[in-house]
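Residues per chain are reported as follows:
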Amino acid sequence: MADLVVYGVPLSPFVRKVEVVLREKGLEYDFETANIMPMPDWFKEISPARRIPVLRDRRVGTEGRSGTIPDSAAISAYAEHLSETPRLYPDGAFPLGRAIWLEKYADTELAGSVGMGIFRPIMFNIFQGKQPDIDKAKETWTEVLPIHFDYLEGELDEGDHFIGNELSIADIAVGSQLAQLDLIVGPPDSARWPSLVNLLNSLKERSSFRANLSVCEKMLSKVLPQKVALA
Ligand SMILES: N[C@@H](CCC(=O)N[C@@H](CS)C(=O)NCC(=O)O)C(=O)O
């Protein structure tokens, strides 16, 4: 039994982010499924925001809220302190501030568009036995997401990573959301956003991302035999 437990479902981009952080740091964890539709009472008790993921450190507590930390950003910061290498939060005031901003941007602005504008209209409908709302997804894909992609492409500035030449929490947070898009509707247009797609492709080759994505792909193959074409 590992000291750490991640509660959630692999298909959540925030759960993916936490799994990648823990794997990159070589921190072993157990995975316990906590669905959000519907959310069981035992999980509501440990998730005040009613969201996944939540992490438990069994060395701190094994029952109820004891030893638990909700929120992917809080969990990632906790992991950084549990295992200092590899550093995912860069040294230096400005790089650190920028990494935290990009993490926050991915977790809020980008995630909002991916979740509400693509995942929900397609996958929530499918999970409920309804037709996917392709019009809503197309509108997000053509009118909303390009604004995020343009910004992030500019922040990459033709580089392989957001901060220097090293993997950081900024890459992982953005990559977790891009991978969500990739699973459901495919990647952004590589002719228009080459650095962003290059980042996505290089992250997808990492064993940390692969571990989560292979579970997601297997799960999706049962409900979404092929990606939804929006272009
Ligand atoms: N700020 C949270 C966001 C987590 C989040 O929004 N998770 C989604 C799943 S991807 C969720 O639990 N949604 C609950 C719901 O929609 O009822 C984090 O970074 O962990």
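Residues numbered from 1 in each chain as written. Predicted model: local features only at pLDDT ≥ 70, side-chain atom pairs only at ≥ 80, totals over all residues. Heavy atoms only, no water.

Time to look at the site of the ligand. Taken together, Ser12, Pro13, Phe14, Ile36, Arg50, Arg51, Ile52, Pro53, Asp71, Ser72 and Arg120 make up all the residues around the ligand. Within the side chain of arginine 51, an N or O atom sits 2.7 Å from an oxygen atom of the ligand. Between an oxygen atom of the ligand and a main-chain N or O atom of isoleucine 52, the distance comes to 2.8 Å. Within the shell around the ligand, the residues separate by chemical class into five nonpolar, two polar and four charged. (Near = heavy atom within 4 Å. Polar contact = N/O pair within 3.5 Å; in protein donor to acceptor, adjacent residues only side chain to side chain. Nonpolar A, V, L, I, M, F, W, Y, C, P; charged D, E, K, R; others polar.)

Attention shifts here to the nonpolar core. Grouped together as the largest cluster of nonpolar side chains are 67 residues, with contacts concentrated most on Leu22, Ile118, Phe162, Leu181, Ile184, Val185 and Leu196. No other element matches the 11 residues that helix α4 (residues 93-127) contributes to this core. Counting contributing residues per domain, this core is built from domain 1 (4-82) and domain 2 (93-223), each supplying no fewer than three. What isoleucine 118 contacts, discounting residues up to four positions off in sequence, is Ser113, Met123, Ala137, Thr140, Trp141, Leu145, Leu181, Val185 and Leu230. (Core = buried A, V, L, I, M, F, W, Y, C linked by side-chain atoms within 4.5 Å. Buried < 20%, exposed > 50% of the residue type's maximum accessible area, 1.4 Å probe, protein only. Helix = DSSP H or I, 4+ residues; strand = E, 2+ residues; numbered from the N terminus. Domains from an automatic or database assignment. Contact = heavy atoms within 4.5 Å.)

Those residues of helix α7 (residues 194-204) not exposed but buried are Ser195, Leu196, Val197, Leu199, Leu200 and Leu203. Those residues of α7 hidden inside the fold are in contact with α5 (134-156), α6 (169-184) and α8 (207-223).

Turning our attention to the sheet that holds strand β2 (residues 29-33). The strand order β2-β1-β3-β4 describes an open sheet built from four strands, whose pairing is mixed. Edge positions in the open sheet fall to β2 and β4 (68-70), since each of these has one partner strand only. In this sheet, neighbouring strand axes are inclined to one another by 20° on average, regardless of whether the strands run parallel or antiparallel. Where strand β1 (residues 4-8) and strand β3 (residues 54-57) come together, four bridges link them in antiparallel fashion. (Pairing = 2+ DSSP bridges. Axes fitted to C-alpha atoms, helices over the stretch in contact; angles between N-to-C directions.)

This part is about a negative patch on the surface. Taken together, Asp133, Asp135, Glu139 and Glu143 make up a surface patch of like negative charges. Here aspartate 133 lies in the loop between α4 and α5. (Patch = residues over 30% accessible without salt bridge, like charges linked within 9 Å, V, L, I, M, F, W, Y side chains within 5 Å. Areas by Shrake-Rupley, 256 points an atom, 1.4 Å probe, with all protein chains shown as cover. Salt bridge = Lys/Arg side-chain N within 4 Å of Asp/Glu carboxyl O. Lys, Arg positive; Asp, Glu negative; His and termini not counted. Charge placed at Lys NZ, Arg CZ, Asp CG, Glu CD.)

Time to look at the environment of leucine 96. Mapping leucine 96 onto the fold places it in helix α4. When its relative accessible area of 31% is taken as the criterion, leucine 96 is described as partly exposed. For the pair formed by leucine 96 and arginine 192, sequence separation is 96 residues and the distance between their alpha carbons is 28 Å. Residue contacts for leucine 96: discarding those within four places in its chain leaves Tyr89 and Pro90.

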